[in-house]
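Observations on the model geometry
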Amino acid sequence: MNLTSIPALQDNYIWLLNNNEGRCLIVDPGEAAPVLQVLQEKQWQPEAILLTHHHHDHVGGVAELVSRYPQLQVYGPQETASKGATILVEEGDNLRIAGFDFTVLATPGHTLGHISFFSFPYLFCGDTMFSGGCGRLFEGTPKQMDESFHKINCLPAETLICCAHEYTLSNLAFAKALFPQDSKISHYYHEIKKLRAKNTITVPTKLATERKINVFLRTQDTEIKNVISPDGDLHHSWQIFAELRQKKDVF
């Protein structure tokens, strides 16, 4: 399997997964033009589109891609039915597409119907988990997003987090400001800063790495709890998660 990232819009990534036989999948095409360019250059034949949620920067290119490739099947959650999805999927569905086996995970929080597609080692998680951070809670609750993070955290350590935005540096700047004594976060922040200075992509990232530097995955850590809830009045991980997200929103 080969994974290709396609920069799109302002800071989005569209993912292409091909099977070494010229057949590929397209994940969250926010626009069509850059995808069509890569397909033409590589001479790949797309077989399906996978959608994680209904926001325009993830579905904006669906109509044009389907018009160019009428055979394309479009997989997505119920909330994408009006955005071009032809096969609606949900938690627990197992899919065989273009030679790849996928499991569908419900990962609400960013939107109520958000899903992720997992085919080891790749997790296409849209706007649920970013490297060093999480998506904004536009429709869901902190509890839902915290549960989605716990679900992702149960995947193998080698899982590659294929998120849809280049937010790593800003996420780590927030984490570093909040936890300046955390050496893992500080070290990773400086590494990412070097990469972004060269305009180098910072994802996908391994779940094993995220467990060390993503504060939204560490809501059980004593260090995190002591900073977020010094009085000890927040007892549940989702409450810590909520406080972290609120602080990030105004950072």
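Refer to the structure above for everything that follows.
Residues take numbers from 1 onward in each chain, read along the sequence in its written order. Per-residue local features are limited, in this predicted model, to residues with pLDDT of at least 70; the limit for side-chain atom pairs, both in listing and counting, is 80 or more; totals at the level of whole chains, interfaces and linings are taken over all residues. The basis for every side-chain value is the complete set of heavy atoms in the structure, and neither hydrogens nor water enter the calculation.

Turning our eyes to something else, we now look at the sheet that holds strand E6 (residues 87–88). Strands pair, by our definition, only if DSSP identifies at least two bridges between them. Helix numbering and strand numbering both begin at the N terminus, where a helix is a DSSP run of H or I of at least 4 residues and a strand a DSSP run of E of at least 2. In space, the six strands of this open sheet follow the order E1-E2-E3-E4-E5-E6, with mixed pairing throughout. Edge strands, defined here as strands with exactly one partner in the open sheet, are strand E1 (2–8) and E6. Looking at chain direction, strand E5 (residues 73–76) and E6 are connected through two bridges and run parallel. Pairing of Gly76 across the sheet is with Leu88, part of E6. This element, helix H1 (residues 33–42), spans E1, strand E2 (12–18), strand E3 (23–27) and strand E4 (45–50) of the sheet and lies at about 140° to E1. Contacts between residues were defined by any pair of non-hydrogen atoms, one from each residue, lying within 4.5 Å. All axes here are fitted lines through C-alpha atoms, helices being fitted over the stretch that makes contact, and every angle between N-to-C directions spans 0 to 180 degrees.

What follows deals with the environment of Ala32. Position of Ala32 relative to the elements: it lies in the loop between E3 and H1. In the structure, Ala32 is positioned 33 residues away from Leu65 in sequence and 6.0 Å away in space, judged by C-alpha atoms. Each residue touching Ala32, except ones within four places of it in the same chain, is listed here: Gly61, Glu64 and Leu65.

Right, let's get into the pattern of salt bridges. The rule for a salt bridge is simple: a side-chain nitrogen of Lys or Arg has to be within 4 Å of a carboxyl oxygen of Asp or Glu. In the structure shown here, the tally under the stated rule is 14 salt bridges. In this structure, the salt-bridge partner of Lys206 is Glu158, at a minimum N-O distance of 2.9 Å. On the criterion of sequence distance, the pair formed by Lys206 in strand E14 (residues 205–206) and Glu158 in the loop between helix H4 (142–153) and strand E13 (160–163) is long-range, its members being 48 residues apart. Only protein chains enter the area calculation, which uses a 1.4 Å probe; residues under 20% of their type maximum are buried, those over 50% are exposed, and those in between are partly exposed. Judged by relative accessible area, Lys206 falls into the partly exposed class, the value being 37%. Take Glu158: its relative accessible area is 39%, and that puts it in the partly exposed class. For Arg218, the salt bridge identified is with Asp182, shortest N-O distance 2.9 Å. In this pair, Arg218 is assigned in the loop between helix H7 (207–213) and helix H8 (222–228) and Asp182 in the loop between helix H5 (168–178) and helix H6 (183–197), connecting sequence segments 36 residues apart. Residue classification places Arg218 among the buried residues on the basis of a relative accessible area of 6%. Taken together, the salt bridges that share partners define one network made up of Asp182, Arg218, Asp221 and Glu223.

In this model, Phe120 is joined to Pro121 through a cis peptide bond whose omega is 5°. On the secondary structure map, Pro121 appears in the loop between strand E9 (115–119) and strand E10 (122–126). Going from Val203 to Pro204, the amide bond is cis rather than trans, its omega being 5°. Residue Leu9 is not a glycine yet carries a positive backbone phi of 50°. Turning to its location among the elements, Leu9 is positioned in the loop between E1 and E2. Notably, Asp28 is not glycine yet its phi reads approximately 55°, a positive angle. Take Asp28: it is sitting in the loop between E3 and H1.

Before going further, it helps to spend a moment on the sheet that holds strand E8 (residues 100–106). With mixed pairing, the six strands of this open sheet are ordered in space as E7-E8-E9-E10-E13-E14. The sheet terminates laterally at strand E7 (94–97) and E14, the two strands that pair on one side only. As judged from the four bridges shared by E8 and E9, these two strands associate in the antiparallel manner. Along E9, the bridge assignment pairs Ala106 with Ile115.

So, on to the packing of H5 against H6. It is the contact of H5 with H6, at a shortest axis distance of 9 Å, that shows an interaxial angle of 150°. Relative to H6, the element H5 lies roughly antiparallel. Considering how the two elements wind past one another, H5 and H6 form a crossing that is left-handed. Here H5 contributes Thr168, Leu169, Leu172, Ala173, Ala175 and Lys176 to the contact with H6, which in turn contributes Ile185, Ser186, Tyr188, Tyr189, His190, Ile192, Lys193 and Arg196. When its residues are assigned to classes, the contact of H5 with H6 shows eight nonpolar, three polar and three charged. Here the word oblique covers every angle except those under 35 degrees (roughly parallel), over 145 (roughly antiparallel) and from 65 to 115 (roughly perpendicular). Handedness of a crossing is defined here by the sense of rotation of the near helix relative to the far one, left-handed for an anticlockwise turn of less than a right angle and right-handed for a clockwise turn. Each residue gets one label: Ala, Val, Leu, Ile, Met, Phe, Trp, Tyr, Cys and Pro are nonpolar, Asp, Glu, Lys and Arg are charged, and the others, such as Gly, are polar.

Moving on, we get to the pairing of E10. Judged by how many residues are buried, E10 sits mostly within the fold: five of five residues are covered. Neither face of E10 is left uncovered, since the one carrying Tyr122, Phe124 and Gly126 and the one carrying Leu123 and Cys125 both have all their residues buried. Note that E9 and E10 share three bridges and pair antiparallel. Residue pairing in the sheet places Phe118 in a bridge with Leu123 of E10.

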